[in-house]
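Analysis of the macromolecular model
Residues per chain, in single letters:
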Amino acid sequence: MDCADGKTRLCFPIWSAWITDHAEYADLQGIGSKSCPKCEVPCEELGGDPRWMYQTHDYMLYREKALRHEPTEAAGIPEYFQRLGVKIGNNVFTGLDRVSPVDLHKPDLLHNIHLGLFKHMMEWVEGFLKKHKRQQAFDDTWKDIPPYPGFSVPKKAYREITQWKGKEMRNLGGCISAVLASALRNLDSSQYQDFKSALKCVSTQVDFTSWLNIVVIHQTHFPTWKATCRYSTGQRTFFLSSGPRRLPALKQIARIGS
Amino acid sequence: MADQCAKEVRHRTVANRRRLADQERVERSARRADLIRRENHFNFIKMQYLTHFASHVRRFGSISMYSTKIGELAHKDQIKDGYRRSKKNEATRQILSHYGRQCVLGIRLQTIEAFSKVDGVIVVEDSGIEMPTIPSNCTPRWVLKGRMKNTSTLTELCTALDIHYSNMMEEILRFIRQTAADDRRLPADPAELRLLPVEGFAQLEIPVPDLQETDRFQINRARCTGTKAFRNCGSRNDSVWIQTGGEANYGDLRGGVVARLPALLKIRNILSEAAAVHRLALVRILHPINGGRFHIPSRHIQVGNRINGPDMRIVSIGAVIGQAQVIPSGEKQWIVNHRIDLRTFNEIY
């Protein structure tokens, strides 16, 4: 390889990262679509309490088990792998020098945060605004957002937008908490607790994303970063109690509540 | 007696009814909570990924460098640019060598830059000649742009921007009294001030140091068009941050205040020998509500128009430290959006 000092040197590349989205990771690592490429979490416990640490996948061990047919606690090798969410025992990366298949997986801000969690959050926010009849206030504030360097001012009302791109979602992350705070102003005593909790949860998720965008995380940032991280994923009582995932539940809640 | 009995029975019935209603409300709430617990979940893969973020940052550093955006741009940088510069015949090797050459040159430039920061001289390889380096990262200046027409005196400027002349004069005089008395100082006599040549501007370029790399600057372009439309979309008088005194002021705002930017002007003091030029900004300070501390339910800082006392102020353009974003929240009140970028988020948290 031609080097910066003008000399040619021998180079031995080591595979250290494969950046792609979840569907491709699932194919590459030979796991099910509801399995994590990094740990052995059962598919019904995804996104559980972050303090529960699951065992990291050991693809080398799986390969040995698959090749030698070692006796396991499960009835057979297929059942053993099925329990772990693994489809094939012989991972395509196993055996490459100095390559750890688990570490090839890299977090992806675009698909995981902007097109993933933000999208879920906004579905929840829409439901919340509808329930409390604040959609119009939100739309009005949305259209009045002033310009800022690096921020594209929305040209349409929020409800008129049909499709969101990654960049637009990142844009939304910068202003959603302030717009929501403005839309939820003038609250009465019965709404106080709900609105306060909604703003707390949305702000926490945005704060978490802001921390992720910092290029150099200094050692002194770690306590706050860790706290924000745990708070965002661990403190879920309000999101859970109002349903970020399934909007039909909100309708049913409204029916029962009325 | 009979009446009293009837009243007692009625009272009991009302109490009973209330108790039943309370009971029903409790049951309904329990049913609601139970439904929520059953129907909602975080059982999806993107939530699981979050649990690995902290350990990944600790082991491999910030995750923004692993964004798929880079991979998508690589189609252009690595392949298309290389193909365009090739002979279009057996292009594969040429594309590869082009990208390699670009990387090598990039690394070489970075090496030179790193050496120049340490020693101040570069030693040219094999020849031993020492070359002094040119400081490449000098601090950019605040620049006024977009000169307005027909604003050659203060009176004309006030008319063009729809600002009361007496207010403007009062603020300029206050600004003059605060500056040191020297050759450069503007005259404190309104009659003399009225004669000085003035230029009005519609844009201020503010250099803002980057959060992570302090030797780099981003340029914020704050607009102030007065009553004129900006690109057919209404007038623009942007919000800016003004540094006022120490960090102890204004609670969580830490000495910074948000202000509107109604006018940008340049005054040349032709009456003195130095003929100094003063670049000034007329700002309308937005009063921090609750002493600039976070409003607990909304988790944001709120600002509003000042009710008592003057809200206009003249400052030197160097006191404008960056652009701010405020979201309208009711009558003459705004919410300071401190999450708009990392720099603001780092300062107000």
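These numbers were taken from a predicted model, which means no experiment stands behind them.

The next point concerns the overall build of chain B. Across its full length, chain B carries eight helices and 14 strands. Counting over 349 residues, chain B shows a buried share of 37%. Excluding contacts between residues fewer than 6 apart, the proportion of contacts in chain B whose partners are at least 24 apart in sequence is 55%. Carbon and sulfur atoms make up 52% of the accessible area of chain B, which amounts to about 21,000 Å² in all.

Read across the sheet, four strands follow the order β9-β10-β14-β13 (chain B) without closing on themselves; strand pairing throughout is antiparallel. Two strands in the sheet have a free side with no partner beyond their single neighbour: β9 (287-288) and β13 (326-328) of chain B. The pairing of β9(B) with strand β10 (residues 301-304) of chain B spans two bridges and is antiparallel. Following the sheet pairing, B:His287 is matched in β10(B) by B:Gly304. Helix-sheet contacts for helix α7 (residues 166-183) of chain A involve β13 and β14 (333-336) of chain B, and the interaxial angle to β13(B) is about 30°.

Before going further, it helps to spend a moment on the pairing of β10(B). All names here are of chain B. Where burial is concerned, the two faces of β10 agree: the one with Ile301 and Val303 and the one with Gln302 and Gly304 are both buried. Examined bridge by bridge, β10 and β14 share four bridges and lie antiparallel to one another. Opposite Ile301, over in β14, you have Val336 as the bridge partner.

On to unusual backbone geometry, then. Here the phi dihedral of B:Arg299 falls at roughly 60°; this positive angle occurs in a residue that is not glycine. Among the structural elements, B:Arg299 can be located in the loop between β9 and β10.

Moving on, we come to the confidence of the model for chain B. In the predicted model, chain B carries a mean pLDDT of 83, and the fraction of residues at 70 or more is 88%. Confidence metrics for the complex model read pTM 0.76 and ipTM 0.79.

When pLDDT is averaged along chain A, the result is 77, and 78% of the positions lie at 70 or above. In the model, residues 217-258 of chain A has pLDDT below 50 throughout and makes 89 contacts with residues more than four positions away in sequence or in other chains.

Here we take up the domain arrangement of chain B. Here chain B is partitioned into domain 1 (67-132) and domain 2 (143-348). One C-alpha centre belongs to domain 1 of chain B, the other to domain 2 of chain B, and the line joining them spans 43 Å.

Further remarks concern the packing of helix α5 (residues 154-161) of chain B against helix α6 (residues 165-178) of chain B. All names here are of chain B. Following both chains from N to C, one finds α5 and α6 inclined at 125°, their axes separated by 9 Å at the closest point. By the criterion of interaxial angle, the relationship of α5 to α6 is oblique. The handedness of the crossing between α5 and α6 comes out as right-handed. Listed contacts from α6 to Leu154, Thr155, Leu157 and Cys158 of α5 are Tyr165, Met168, Met169 and Ile172. Taken together, the residues of the contact of α5 with α6 break down into seven nonpolar, one polar and no charged.

So, on to helix α2 (residues 45-60) of chain B. Side chains three or four residues apart in an α-helix point the same way, a direct result of the helix having 3.6 residues per turn. Residue and element names in this part refer to chain B. Counted at 1.5 Å a residue, the expected span for α2 with its 16 residues is 22 Å, and the 22 Å between its end C-alpha atoms agrees. Maximal helix bending in α2 amounts to about 35°, located at His52. Of the residues trailing α2, Gly61 is marked for its positive phi of about 95°.

Turning next to the environment of A:Trp15. All names here are of chain A. Tracing the sequence through the fold places Trp15 in the segment before α1 (22-29). Sequence-distant contacts of Trp15, that is, excluding residues within four places in its chain, are made with Phe93, Leu96, Val99 and Leu104. Separated by 3.5 Å, the side chain of Trp15 and the backbone oxygen of Ala17 make a polar contact.

This brings us to the nonpolar core. The tendency in soluble globular proteins is for nonpolar side chains to be buried side by side. All names here are of chain A. Of all hydrophobic cores here, the largest spans 31 residues; its most connected members are Met122, Val125, Phe138, Trp142, Ile176, Leu180 and Val202. Contributing elements (two or more residues each) for this core: α5 (109-131), α6 (135-143), α7 and α8 (189-213). The greatest single-element share of this core, amounting to nine residues, is contributed by α7. Setting aside its immediate chain neighbours within four residues, Leu180 contacts Val125, Leu129, Phe138, Leu199 and Val202.

The next point concerns helix α3 (residues 77-84) of chain A. Residue and element names in this part refer to chain A. Of the positions making up α3, those classed as buried are Ile77, Tyr80, Phe81 and Leu84. End-on, the buried residues of α3 take up no more than an arc of 90°, which puts them together on one face. Along α3, exposed side chains directed more than 90 degrees from the buried face belong to Pro78, Gln82 and Arg83. On its buried face, α3 sits against α2 (59-68).

Residue and element names in this part refer to chain A. Under the criterion given, the structure shown has 13 aromatic pairs over all chains. Measuring from centroid to centroid gives 5.4 Å for Phe138 and Tyr158, while their planes differ by 90°, and the two rings are edge-to-face. In this pair, Phe138 is assigned in helix α6 and Tyr158 in the loop between α6 and α7, connecting sequence segments 20 residues apart. Neither residue differs from the other here; Phe138 and Tyr158 are each classed as buried. Their ring planes at 85° and their centres at 5.4 Å tell us that Trp142 and Tyr158 sit as a pair that is edge-to-face. Of this pair, Trp142 sits in helix α6 while Tyr158 is found in the loop between α6 and α7, placing the two residues 16 residues apart along the sequence.

Here the focus is a positive patch on the surface. Residue and element names in this part refer to chain B. A contiguous patch of positive charge, built from Arg141, Arg184, Arg268 and Arg279, is present on the exposed surface. Structurally, Arg141 can be placed in the loop between β2 (130-132) and β3 (143-147). The exposure class of Arg141 is exposed, given its relative accessible area of 64%.

Quick notes on the rules
Here the residue index of a chain counts from 1 through its sequence in written order. Following the order in which they are written, the chains are lettered starting with A and the ligands numbered starting with 1. With pLDDT at 70 or above as the cut-off, local features in this predicted model cover only qualifying residues; side-chain atom pairs require 80 or more to be listed or tallied, and sums for whole chains, interfaces and linings still use all residues. Think of the side-chain values as coming from all heavy atoms in the structure, minus any hydrogens and water. Elements are defined by DSSP. Helices are runs of H or I of four residues or more, strands are runs of E of two residues or more, and each kind is numbered from the N terminus. Note on exposure labels: buried denotes an accessible area under 20% of the residue type's maximum, exposed denotes more than 50%, and partly exposed covers the range between, all computed with a 1.4 Å probe on protein chains only. The contact definition used throughout considers only heavy atoms, calling two residues in contact when any of these lie within 4.5 Å. All accessible areas in this document rest on Shrake-Rupley with a 1.4 Å probe, and a residue is counted as covered only by the protein chains that are shown. By this definition, two strands are paired if DSSP reports at least two bridges between them. Here the axes come from fitting lines to C-alpha atoms, over the contacting stretch only for helices, and the angles between their N-to-C directions go from 0 to 180 degrees. As a per-residue measure, pLDDT reflects the predictor's confidence and takes values from 0 up to 100. Here the limits of each domain have been adopted from an automatic or database domain assignment. The scheme is simple: roughly parallel for angles under 35 degrees, roughly antiparallel for over 145, roughly perpendicular for 65 to 115, oblique for anything else. Working rule for handedness: look at the near helix, and if it is turned counterclockwise from the far one by less than a right angle, call the crossing left-handed; if clockwise, right-handed. Think of it as three bins: nonpolar holds Ala, Val, Leu, Ile, Met, Phe, Trp, Tyr, Cys and Pro, charged holds Asp, Glu, Lys and Arg, and polar takes everything else, Gly as well. Expected span of a helix, by definition, is 1.5 Å for each gap between consecutive residues, and there is one gap fewer than residues. Bend, at a single residue, is the angle you get between axes fitted to the 7 residues ending at that residue and the 7 residues starting at it. In protein, a polar contact requires one atom able to donate a hydrogen and another able to accept it; more generally it is a pair of N or O atoms within 3.5 Å, and residues adjacent in sequence count only if both atoms are side-chain atoms. As used in this record, nonpolar core signifies buried Ala, Val, Leu, Ile, Met, Phe, Trp, Tyr and Cys residues forming a set joined through side-chain atoms within 4.5 Å. Directions pointing from the helix axis toward each C-beta atom define the arc. Stacked, edge-to-face and tilted labels apply to pairs of Phe, Tyr and Trp rings (six-membered ring for Trp) whose centres lie within 6.5 Å, assigned for plane angles under 30 degrees, over 60, and everything in between, in that order. Patch definition: residues above 30% relative accessible area lacking any salt bridge, with like charges linked at up to 9 Å and the nonpolar side chains Val, Leu, Ile, Met, Phe, Trp and Tyr linked at up to 5 Å. Salt bridge, as used here: a side-chain nitrogen of Lys or Arg that lies within 4 Å of a carboxyl oxygen of Asp or Glu. Only four residue types enter the tally: Lys and Arg on the positive side, Asp and Glu on the negative side; His and the chain ends are excluded. Every charge is mapped to an atom, namely NZ of Lys, CZ of Arg, CG of Asp or CD of Glu.

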